[in-house]
Structure formats: C-alpha cells, structure tokens
Amino acid sequence: MTKRTLIGPFKQILPMTGIKLKGAISDHELEVIVEGGILIEDNHILATGNFEDLKLKYPEAGVQLLKGNHVCVPGFVDAHTHICFGGSRAKDYAMRNAGKSYLEIAHSGGGIWDTVTQTRKASIEELTKSTIKRANRHLKNGTTTLEVKSGYGLTVDEELKMLRAIKEADKEALPELISTCLAAHMLPKDFDGSETEYLKMTSKELFPILKEENLTQRIDAFIEQSAFSADDIQAYFSKASQMNFHITVHADQFSAGGSKVAVEFNAISADHLEASGDTEIELLAHSETIAVALPGASLGLGCDFTPARKLLDAGAALAIASDHNPGSAPMGDLLTQASILGTFQKLTNAEVLAGITFRAAAALKLEDRGKLEAGLLADLAVFHSDNYQDILYNQGNLKPCMVWKNGELVFDRHK
Ligand code: NIG
Ligand code: FE
C-alpha cells in the first residue's frame, strides 16, 4: 500500500528546478512557489504546486498541516566530510592560532597522523557510534545526505575498519551516508616503502575488497606536496578507473596541481581549490568535474577561500561542502559556512543554495535528489520564515524547524 501525504501550506517552496548545472546563476532564475504544497508518496515526491489545488486533486492524501510561516528547500547535500574519526585535534587548532606552521605542527605530533593514531585505537563500534552522532547533528542543520571519507586508517585493515563503520553507521544515521575511500590521504609513517609502493599495495589489496563487500564506489586522493604527487597518483587512479570506481580529488589546497589530474581522469569532483589560479579555473570550467569549495577548511586554517566567484563566472559547476574533520575543519556547519562563503565571494542566494543542493548531489553523482521535483526523493529542509532569503541572511543561525528524509519527518524542533 502506498502512503500519500500532502505537506503545507508553505509561504514559499524553492524547488531549485530549471537551473543549469554549470555557471553563474542570478536570483531571478529561482522559481518560487507561493502558498505551496508538497505531495509525498512513500519516499519520494509525487507533486509540488499550490497547496489548495493539490488538496482538491488528491483528496485521499493525509494532510500534514503547517501553521505559521514556513519555507521549504531541498534537504542539503554535504558532499565532502571526514566525520569518522577518533580523538580530537584541539591542540593543533590552538597551536595554529598561536602562529605554528602546518609542518611544525605535524613534526610535533599533530596533523593527520595524530588522528590516524587515535582512529586506529578506536574500535569499530566506537567509530560507528561517533559517526552516527555527528551525522545526526548535521541532519538537524538540514543535511539529508552526507559523504563520509575513510583516510585515518592507512593500512588495509584499518581502512576497512573505517569503511565498515561508515556502512554500519549508515543503517542507523538519519541522513544517508555516502562513503569514500581516502586511503591515499598521506603516506603512513609506519609504511616501509615509497609513495608509489604504498599506493600499489593499496590498490592491489584494498580495492578488490571494497568491491566484494560493497563498501564504496568512490576513490579519493590528497594531491599535495605533503601527501601524493600528480605522478604518484597516476597508476592508482588508472586502476580505480579500470575497476569502475568514481574518482574524486583533494586538489589545489595549498598548491596547484590536483585539479589538472582530476580533469584528466574525468573525476566526479575536485575539492578544496583554495590555491587554484586562472589556469586551473579554466580547466575545471571546461570539464564535467564539479568544483567543490570547502569554506570550513578556510575558516579552520585561516586561509583564503576557494575562488568561487571566478569559477562560476568561468562556467564551472560549484558545490559547497563542510569538509567536517578534526584537523582543518572542526566546525561542521554547512549552512553557516556556505553563507559566509557567499558573503566573501559575492555569490547569489541561488548560487549558494544550488551549491548545497542539486550541484552538491551532482558532486556525488546522485540524480535522485537536490531538487523538489516529482520522482525525486522527498528530502526536505523547512525553516520558520516567510522569505527564503532569511536562510542565508541569518548566516546559519536560522536552523531548520523540520527535516524530512525519504518522505519521513525525522526531525521536528518543536518536539
Ligand atoms: O580535507 N586536506 C586533507 N585532508 C583534510 C584534512 C584532514 C585533517 O587535517 O585531518 C581536509 O582538509
Ligand atoms: Fe577533506
């Protein structure tokens, strides 16, 4: 038996439909449905439109009546996080702000390796539990789909532990979790061999198990001076492509180079891009690769923002993600960060909202969400307001009052 529910009336619904995937967007392009309703059937949207019209057309549907002013947007998609980890890096943050460099911190026992050590100490149950907890906090802020990377294990067994924990967490967490293997996060300090040897071993031993256990479809690598070079990664990404994994890259964070590799390998996304210059912007703009800005990392490290305005003006598809991780991006608040990026990079409301909805879904190759349209998943974020502009205007301080995931009301602030 199918179940139909009509939700509304909303003062405004922003379906995010009819907007292109790439390039700049003006706010005039945003369709706004006033006095709107959303008809849900099971886990998906059956129709959107005027609330009263839908009520007449579908008299059999149950009605979830909203009192007061509400605005509805698609549930947010956070396409880049590292929320599966053990321990804390509060010490790194304090040291950075006291003037220590990234390398000095790494040498004094901090950095990614510190989290690797702490994550290896955690049991799979502990990792599962803390991942669920963090994911559910994101849901209360409107995120209904959340990518989660491994990358703090850095041995075959420890990477498997992380990816199995993420798979377990996905069964219970309120947002849907999309996992990514980031075994190429850095050369582990206890690996006896070169970068090339580590990557060769990883692709040979880990990749087949990822397929067998259906742990992930996505392979990521950190291309950076402190991690892997463009040359190091060639064979690794070739193997990943041959095995039909989707590729994504930590690119151009401190120095340019990764985005070129991303485009060469037709990666789904190139993320970070704080150090991208005009050459990299042009490359990305003329590719199918989604550019993902991570303002949370700029705020956590005190670095420049991704040149989002230039990317959009050049014609790139821009998504915005939180990069939530214990080191460079501890805040983990997508809406706040996206709003701030909009302020500093002069992005329209439409560009920011597209960056955390359908353009972010494209960065995960998901075509079934990110817009409020018949046939797509009923993932909704609802705010107390009569004007959608309030969402970004409040810079993250206006939280959703209700969130629907797969057609179910999973969060209600009033309860
Ligand atoms: O996306 N850039 C590399 N990786 C993470 C940071 C991870 C960490 O510092 O623990 C990032 O910023
Ligand atoms: Fe990251």
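Residues numbered from 1 in each chain as written. Chains lettered and ligands numbered in written order. Predicted model: local features only at pLDDT ≥ 70, side-chain atom pairs only at ≥ 80, totals over all residues. Heavy atoms only, no water.

Thoughts on the domain arrangement of the protein
One frequently used descriptor of interface size is the decrease in accessible area upon assembly of the parts.
Phase 1: Per the domain assignment, the segments of the protein are domain 1 (4-74 + 370-412) and domain 2 (77-363).
Phase 2: Just the C-alpha atoms count here: the centres of domain 1 and domain 2 sit 29 Å apart.
Phase 3: Contact residues are listed per partner, giving 32 residues for domain 1 and 34 residues for domain 2.
Phase 4: For the pair domain 1 and domain 2, the two sides together bury roughly 2700 Å², of which 65% comes from carbon and sulfur.
Phase 5: Considering only the side of domain 1, the residues that lose the most area to domain 2 are L21, K22 and L392, jointly responsible for 23% of the buried surface there.
Phase 6: Summed over the shared surface of domain 1 and domain 2, the number is two salt bridges. (Domains from an automatic or database assignment. Contact = heavy atoms within 4.5 Å. Buried area = accessible area lost by both parts, 1.4 Å probe. Salt bridge = Lys/Arg side-chain N within 4 Å of Asp/Glu carboxyl O.)

A closer look at the coordination of the iron ion (ligand 2)
Phase 1: For the iron ion (ligand 2), the protein coordination sphere consists of H80 (NE2), H82 (NE2), H250 (NE2) and D323 (OD), at 2.1 to 2.3 Å.
Phase 2: Taken in chain order, the donor set of the iron ion (ligand 2) reads H-x1-H-x167-H-x72-D. Pair noted here: H250 is in strand β10 (residues 246-251) and D323 is in the loop between β13 (318-320) and α13 (334-345), with a separation of 73 residues, a long-range link. Across this residue pair, the class does not change: H250 and D323 are buried. (Donors = N, O, S within 2.8 Å, 3.2 Å for Na, K, Ca; no water. Helix = DSSP H or I, 4+ residues; strand = E, 2+ residues; numbered from the N terminus. Buried < 20%, exposed > 50% of the residue type's maximum accessible area, 1.4 Å probe, protein only.)

What about the packing of aromatic side chains?
Centre-to-centre distance and the angle between the planes together describe a pair of aromatic rings.
Phase 1: Tallied over the full model, the rule gives eight aromatic pairs.
Phase 2: Centroid distance F207 to Y236: 5.0 Å. Interplanar angle 50°. Geometry classified as tilted. Within this pair, whereas F207 is found in helix α7 (residues 195-212), its partner Y236 is found in helix α8 (residues 230-242), the two being separated by 29 residues in sequence. Each of the two residues, F207 as well as Y236, counts as buried.
Phase 3: What links up through ring pairs into an aromatic cluster is the set F207, Y236, F237, F245 and F265.
Phase 4: One Lys or Arg, R134, reaches over the ring of F85 and ends 3.6 Å from the middle of that ring.
Phase 5: Over the ring of F245 we find K211; its NZ or CZ atom is 4.2 Å from the centre of that ring. (Phe/Tyr/Trp six-rings, centres within 6.5 Å; stacked < 30°, edge-to-face > 60°. Lys NZ or Arg CZ within 6 Å of the ring centre and 35° of its normal.)

Looking at the nonpolar core
Phase 1: If you look at the biggest cluster of nonpolar residues, it comprises 91 residues, and the most contacted ones within it are L210, I219, I233, Y236, F237 and L318.
Phase 2: Among the elements that line this core, the one with the most residues is helix α6 (residues 156-172), at seven residues.
Phase 3: Counting residues domain by domain, this core receives three or more from each of domain 1 (4-74 + 370-412) and domain 2 (77-363). (Core = buried A, V, L, I, M, F, W, Y, C linked by side-chain atoms within 4.5 Å.)

Comments concerning the pairing of strand β16 (residues 408-412)
Phase 1: Judged from the four bridges that link them, strand β15 (residues 402-405) and β16 form a sheet pairing that is antiparallel. Bridge pairing links K405 to E408 in β16.
Phase 2: In this structure, the hairpin formed by β15 and β16 is closed by a connection of two residues, where N406 is found at a positive phi of approximately 50°. (Pairing = 2+ DSSP bridges.)

Remarks on the pairing of strand β9 (residues 218-222)
Phase 1: Most of β9 is tucked away: five of the five residues are buried.
Phase 2: Going residue by residue along β9, you find R218, D220 and F222 tucked away on one face and I219 and A221 tucked away on the opposite face as well.
Phase 3: Here two bridges tie strand β8 (residues 176-184) to β9, and the two strands are oriented parallel to one another. Bridge pairing in β9 links C181 to I219.
Phase 4: For the crossover that starts at β8, traverses α7 and ends in the parallel β9, the hand is right-handed.
Phase 5: In this region the chain leaves β9, passes through α8 and returns to the parallel neighbour β10; the handedness of that crossover is right-handed. (Right-handed = clockwise from strand over helix to strand, strands pointing away.)

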